[in-house]
Amino acid sequence: MPAESRLADGARLALTTFTTLPVRAGRIDRSVAATAMALAPAVGALLGVVLAGILLLPGALAPPLVAAAVTVGAGALLTRGLHLDGLADTVDALGSYRRGTAALEIMKKSDVGPFGVAALVVVLLVQTAALAELAGRSWPAALAAVVAATAAGRFGVAVACRRGVPAARPEGLGALVAGTVGPVALAAGAVAVALPALAAVPGRPWQGPLAVAAALAVAVGLLRHVVRRLGGVTGDVLGATVEVVTTLVYLGLVLSG
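Residues numbered from 1 in each chain as written. Predicted model: local features only at pLDDT ≥ 70, side-chain atom pairs only at ≥ 80, totals over all residues. Heavy atoms only, no water.

A. Up close: the overall build of the protein. Secondary structure summary: the protein contains twelve helices and zero strands in total. The secondary structure elements of the protein, listed N-terminal to C-terminal, are α-α-α-α-α-α-α-α-α-α-α-α. Taking 257 residues into account, the globule formula puts the C-alpha radius of gyration at 18 Å, and the protein, at 17 Å, falls close to it. By principal-axis analysis of the C-alpha atoms, the protein measures approximately 50 × 45 × 35 Å. When the 257 residues of the protein are sorted by exposure, 47% land in the buried category. (Helix = DSSP H or I, 4+ residues; strand = E, 2+ residues; numbered from the N terminus. Rg over C-alpha atoms; globule rule 2.2 N^0.38 Å. Buried < 20%, exposed > 50% of the residue type's maximum accessible area, 1.4 Å probe, protein only.)

In structure tokens, the structure reads:
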């Protein structure tokens, strides 16, 4: 497949996977999936720009906490809530203490158990509280923070799809994208996420990249645990990775020392 065609199809797949944009799907195979996962941080950055606008534009009309809650809700709508659903399903499976096929069967169920509910509540509360604090910063810093956190969440997916990480099932999104992202794409993604993070905390340019690095380190540890328990990654695991990394980056950006 020509490189231009693979790039275009990969961009379409990335947009349809990580947003609700009505983009016509192109060819889908492992090479296209690799491109899509490599482009995931860029899609996250674009989504971050939109969410930052939602957070900042109503600032003169609504209190920061209200603007933050609306922003979190908009983020769920713009991604069909798929990442939140993946988080709930993954936490329910891990909380069951079951392994392999038995845990994967729990993830397939349409209901949400107590572990999943607790995870959703914590993530949504932390994101809302952090965004309320970011809304009080200068608009360039707030924009950089939201873009960095949203892009980092999607970069977490690229890390989860790096070579050597298996899929838990022979079918589904996990099987399509697992093990497709190489070291060059990961290095480029890391740089792309670190750049906006530099401007996320006024007067402390080191804090943003450090928050991103810490969040990704936690995600790598969690992914190793998931692979041991489930045998590999699934689409739900990738969604959970998005929410965990995004939330941890937001938390790291609002901590003061």
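B. Representation of the nonpolar core within the structure. In this structure, Met37, Leu131, Leu230 and Val249 are the most contacted members of the largest nonpolar core, which totals 65 residues. Among all residues touching Met37, those that are not within four sequence positions of it are Phe18, Val157, Ala158, Cys161, Val177, Thr180 and Val181. (Core = buried A, V, L, I, M, F, W, Y, C linked by side-chain atoms within 4.5 Å. Contact = heavy atoms within 4.5 Å.)

C. Examining a nonpolar patch on the surface more closely. A cluster of nonpolar side chains, Val112, Val117, Val121 and Leu125, forms an exposed patch at the surface whose accessible area comes to about 320 Å². Mapped onto the elements of the fold, Leu125 is located in helix H7 (residues 114-134). A relative accessible area of 56% means that Leu125 is categorised as exposed. (Patch = residues over 30% accessible without salt bridge, like charges linked within 9 Å, V, L, I, M, F, W, Y side chains within 5 Å. Areas by Shrake-Rupley, 256 points an atom, 1.4 Å probe, with all protein chains shown as cover. Salt bridge = Lys/Arg side-chain N within 4 Å of Asp/Glu carboxyl O.)

D. A look at the pattern of salt bridges. Counted according to the given criterion, the structure contains three salt bridges. Across the pair Arg12 and Asp9 runs a salt bridge, and its minimum N-O distance is 2.7 Å. With Arg12 and Asp9 both in helix H1 (residues 3-18) and three residues apart, the pair spans about one turn of that helix. The class for Arg12 is partly exposed, based on a relative accessible area of 25%. Among the salt bridges present, the one from Glu105 reaches Lys108, with a minimum N-O distance of 3.8 Å. Taken together, the residues span about one helical turn, with Glu105 and Lys108 both in helix H6 (residues 100-108) at a distance of three residues. Classification of Glu105 by relative accessible area gives partly exposed; the value is 39%.

E. Structural detail: the packing of helix H3 (residues 40-56) against helix H8 (residues 139-160). H8 packs onto H3 with a crossing angle of 145 degrees between their chain directions and a minimal axis gap of 7 Å. Once H3 is placed against H8, the crossing between them reads as right-handed. Taken together, the residues of H8 that come into contact with H3 (itself represented by Ala40, Pro41, Gly44, Ala45, Leu47, Gly48, Val49, Leu51, Ala52, Leu55 and Leu56) are Trp139, Ala142, Leu143, Val146, Val147, Thr150, Ala151, Arg154 and Phe155. (Axes fitted to C-alpha atoms, helices over the stretch in contact; angles between N-to-C directions. Left-handed = near helix turned anticlockwise from the far one by under 90°.)

F. Region of interest: H3. Its 17 residues place the ends of H3 24 Å apart at the C-alpha level, agreeing with the 24 Å of an ideal helix rising 1.5 Å per residue. By the burial criterion, the buried members of H3 are Ala40, Pro41, Val43, Gly44, Leu47, Gly48, Leu51, Ala52 and Leu55. (Expected span 1.5 Å × (residues − 1).)

G. Structural view of the side chain of Thr17. Counting through the fold element by element, Thr17 comes out in helix H1. Polar contacts involving the side chain of Thr17 include one to the main-chain carbonyl oxygen of Leu13, which spans 2.7 Å. Excluding residues that lie within four positions of it along the chain, Thr17 makes contacts with His83 and Leu173. (Polar contact = N/O pair within 3.5 Å; in protein donor to acceptor, adjacent residues only side chain to side chain.)

H. Representation of the UniProt feature "transmembrane region" (unreviewed entry) in the protein within the structure. Per the UniProt annotation, the sites labelled "transmembrane region" (unreviewed entry) are residues 32-55, 61-78, 112-132, 138-161, 173-200, 206-223 and 235-255. Secondary structure within residues 61-78 divides into 83% helix and 0% strand; the distance between the first and last C-alpha atoms comes to 23 Å. Secondary structure across residues 138-161 divides into 92% helix and 0% strand, with the first and last C-alpha atoms of the span separated by 35 Å. (UniProt positions renumbered as here; feature names shortened; annotations may be inferred.)

I. Looking closely at unusual backbone geometry. Positive phi is not limited to glycine here, since Arg80 has a value of about 60 degrees. Topologically, Arg80 is positioned in the loop between helix H4 (64-78) and helix H5 (82-95). For Arg80, a relative accessible area of 44% puts it in the partly exposed group.

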